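Listed below are the residues making up each chain.
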Amino acid sequence: MNEKIILRLCQAINSVIFAGVLLFFMGLYYWIVKAGIPYQDPPPELQIQYAVNMGIGNTLVRNGFLITICGGILRLLAKLANDIKAKKNF
């Protein structure tokens with residue numbers, strides 16, 4: 001029973017890491033493709049659109065990075081806890 005719980009927990013943590021990586025790359029997409037390099041003298045509408053896309057990209061990259069790092073730390077802690085438990089059972 002405990003092995004099933006540990007397996008499900010590891011799958012959930014892997015999903016969190018994958019979601020973080022996905023958010024990170026979506027943010028890079030907004031930075032590179034959607035916002036891109038601004039025009040030299042853009043009209044106000046393009047300045048607003050550039051600022052909005054850069055803001056979305058910043059938020060997605062930051063959140064994706066944090067979620068990936070937190071998921072990795074959780075995965076490491078789960079592995080360490082599982083290793084310690086396995087050593088106690090021997």
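Just above, that's the structure.
Residues numbered from 1 in each chain as written. Predicted model: local features only at pLDDT ≥ 70, side-chain atom pairs only at ≥ 80, totals over all residues. Heavy atoms only, no water.

Undergrad: Quick rundown of the overall build of the chain? Include the residues and the values.
TA: Per the secondary structure count, the chain includes two helices and zero strands. In terms of overall size, the chain is more extended than a compact globule, its C-alpha atoms giving a radius of gyration of 20 Å where 90 residues would be expected to give roughly 12 Å. For the chain, the spread of C-alpha atoms along the three principal axes comes to 70 × 20 × 15 Å. Put simply, the chain has 90 residues, and 14% of those count as buried. Taking all contacts inside the chain whose residues are at least 6 apart in sequence as the whole, residues at least 24 apart take part in 79%. As presented, the chain carries roughly 7,100 Å² of accessible surface, and 70% of it is formed by carbon and sulfur atoms. Side-chain charges in the chain split into 9 positive and 4 negative, and the spacing between the mean points of these groups amounts to 20 Å. (Helix = DSSP H or I, 4+ residues; strand = E, 2+ residues; numbered from the N terminus. Rg over C-alpha atoms; globule rule 2.2 N^0.38 Å. Buried < 20%, exposed > 50% of the residue type's maximum accessible area, 1.4 Å probe, protein only. Contact = heavy atoms within 4.5 Å. Areas by Shrake-Rupley, 256 points an atom, 1.4 Å probe, with all protein chains shown as cover. Lys, Arg positive; Asp, Glu negative; His and termini not counted. Charge placed at Lys NZ, Arg CZ, Asp CG, Glu CD.)

Undergrad: Provide a residue-level description of helix H1 (residues 2-35), including the pertinent values.
TA: Taking 1.5 Å per residue, 34 residues should reach 50 Å; H1 reaches 48 Å between its end C-alpha atoms and fits that length. If you look at H1, its biggest bend is around 25 degrees, right at Tyr 29. What H1 keeps buried is the set Cys 10, Ile 13, Gly 20, Gly 27 and Ala 35. Each element contacted by the buried residues of H1 is listed here: helix H2 (44-89). Just downstream of H1, Gly 36 is the residue with a positive phi angle, here 60 degrees. (Expected span 1.5 Å × (residues − 1). Bend = angle between axes of the 7 residues up to and from the residue.)

Undergrad: Can you tell me about a nonpolar patch on the surface, naming the residues and giving the values?
TA: A contiguous nonpolar surface patch, about 760 Å² in accessible area, is contributed by Phe 65, Leu 66, Ile 69, Ile 73, Leu 74, Leu 76, Leu 77 and Leu 80. Locating Leu 76 in the fold gives a position in helix H2. (Patch = residues over 30% accessible without salt bridge, like charges linked within 9 Å, V, L, I, M, F, W, Y side chains within 5 Å. Salt bridge = Lys/Arg side-chain N within 4 Å of Asp/Glu carboxyl O.)

Undergrad: Any details on the state of the cysteines? Residues and values, ideally.
TA: With the rule as written, the count across this model stands at zero disulfides. There is no disulfide at Cys 70, and the cysteine sulfur nearest it, in Cys 10, is 17 Å away. Exposure remark for Cys 70: the relative accessible area of 45% places this residue in the partly exposed category. (Disulfide = S-S within 2.5 Å.)

Undergrad: Describe the packing of aromatic side chains, listing the residues and the values that go with them.
TA: Taken as a whole and assessed by the stated rule, the structure comprises two aromatic pairs. Ring geometry for Phe 24 and Phe 25: centres 5.7 Å apart, planes at 80 degrees, overall edge-to-face. Take Phe 24: its relative accessible area is 26%, and that puts it in the partly exposed class. Centre to centre, the rings of Tyr 29 and Tyr 30 are 6.0 Å apart; their planes meet at 85 degrees, and the pair counts as edge-to-face. (Phe/Tyr/Trp six-rings, centres within 6.5 Å; stacked < 30°, edge-to-face > 60°.)

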